[in-house]
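Residue strings, one per chain:
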Amino acid sequence: MTGPSTARGRLVVALALTAAVTLFLAFVPLHRDWFDLNVYYGAVEHWLRGGRLYDFTIPGSDGADYGFTYPPFAALCMLPLALFDWPAAIALSVVLNAAASAALLTWLIGPVVRRRGWDRWFAFVVAACLFALLEPVRDTFSFGQVNLVLLVLVCCDARLLSTGHGRFAGCGIGLAAAVKLTPAIFIGYLLVTRRWRPAATATGTAAAATLLALVVAPGASKTYWTEALWDTDRIGVLSYVSNQSWEGVLARLVDPVPPSGLLWGLGVLALLAVWAYRVRRAVAAGDERAGFALTGVAACLISPITWVHHLVWLIPALAVLLDSGLRPDVPPARRRLLLPVGAAVYALLCSSVVWLWRFDATGVSGFLGSNAYVWVCLGLLIALPLRGARSAEMLNPQPYPARTP
């Protein structure tokens, strides 16, 4: 991040790195042709023409038919897509994801840059290039997905809570949960850590958005909450290697037989128990960022479907690893461990390694390799470092505040 000592040298390095990453992204990774955006775009147009929102489907590369799987409030948010032609819709998706990426980098990397005294513009160019190489980020742009935007909404609340402005927190989480159900786990985070007011705000916001969709689109709302939500075939093939969740692990183990619902449920309960324990410790240590990061990791593990592009929810955990590995108050021996671990996690999430087992996930190598991102999630959930947590605090943590300051 410090780079060359001269401004000219830093400019040359920045331009060279940007060019190299641009060429890589243009020619090397798989391109998804904005498949998910096409689903959103087609479903909204189909709906506006009088069709049923959840009847629209597009065949996928894995043999499944994919339709609109989000709540009706998400469709209301996406109605402006109908104002654009297809190329303009793609451009809008790219701009929104780029803006979300810039916001995330500013919030997550900014404190590290200021504390280290790095050249701000050079550090952010390097960080943006590294960010763009992450497979979940590449896929989010290429699919035309919305998870980066939802992550920004959640991180807004994390910033409010960590800066002492918690009385305004909860709206971002509520809106994200109304658009897509997965972020609702962050309401659970607020409840587990006894943030009653933000939890009420988030719940109220999600409920208000859902009721708005019910009033505007009662038919679509009824279909979603009584039919589409429970139709697992709409989501995709559980055993597909892109599904990097606990249920994906089970599905690949027993494919073509459906995985055991009981075993999945017991695993989810165990994961939630570990999550609750760790986030309570994070808040006791005053580490709001780690608490939110752990919640994003848990969301990836417990969701029945966690496609690779959903793993953008791991980005806050990567930022916590970087921050912990560079903080001066962390013992040198621990820093020497954290930085290589963070680099290894980052490299793995850039590698697309799970696709090596796309057609055959059998055997020990298949079990280990096809679930590589799941093992990353488990490791982060169990061992993500907590800022400011000393040994004594870990043994005898102080009670965290019952009310938001």
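This text follows the structure it describes.
Residues numbered from 1 in each chain as written. Predicted model: local features only at pLDDT ≥ 70, side-chain atom pairs only at ≥ 80, totals over all residues. Heavy atoms only, no water.

1. So, the pattern of salt bridges
Taken as a whole and assessed by the stated rule, the structure comprises 7 salt bridges. Between Arg49 and Glu45 there is a salt bridge, with the nearest N and O atoms lying 3.8 Å from each other. A salt bridge links Asp323 to Arg115, with the nearest nitrogen and oxygen atoms 2.5 Å apart. Highlighted residues: Asp323 in helix α15 (residues 315-326) and Arg115 in helix α4 (residues 86-116), separated in sequence by 208 residues. Classification of Arg115 as partly exposed rests on a relative accessible area of 31%. (Salt bridge = Lys/Arg side-chain N within 4 Å of Asp/Glu carboxyl O. Helix = DSSP H or I, 4+ residues; strand = E, 2+ residues; numbered from the N terminus. Buried < 20%, exposed > 50% of the residue type's maximum accessible area, 1.4 Å probe, protein only.)

2. Looking at the side chain of Thr223
As for its placement among the helices and strands, Thr223 is situated in helix α11 (residues 218-226). When its relative accessible area of 10% is taken as the criterion, Thr223 is described as buried. Setting aside its immediate chain neighbours within four residues, Thr223 contacts Arg52, Tyr54 and Ala228. (Contact = heavy atoms within 4.5 Å.)

3. Observations regarding unusual backbone geometry
Residue Pro256 follows Asp255 across a cis peptide bond; omega there is 10 degrees. Secondary-structure assignment places Pro256 in the loop between α12 (246-254) and α13 (261-284). Non-glycine residue Trp34 carries a positive phi angle of around 55 degrees. Examined against the element boundaries, Trp34 turns out to sit in the loop between α1 (7-27) and α2 (35-48). At Ser352, a position not held by glycine, the phi torsion is positive, near 60 degrees.

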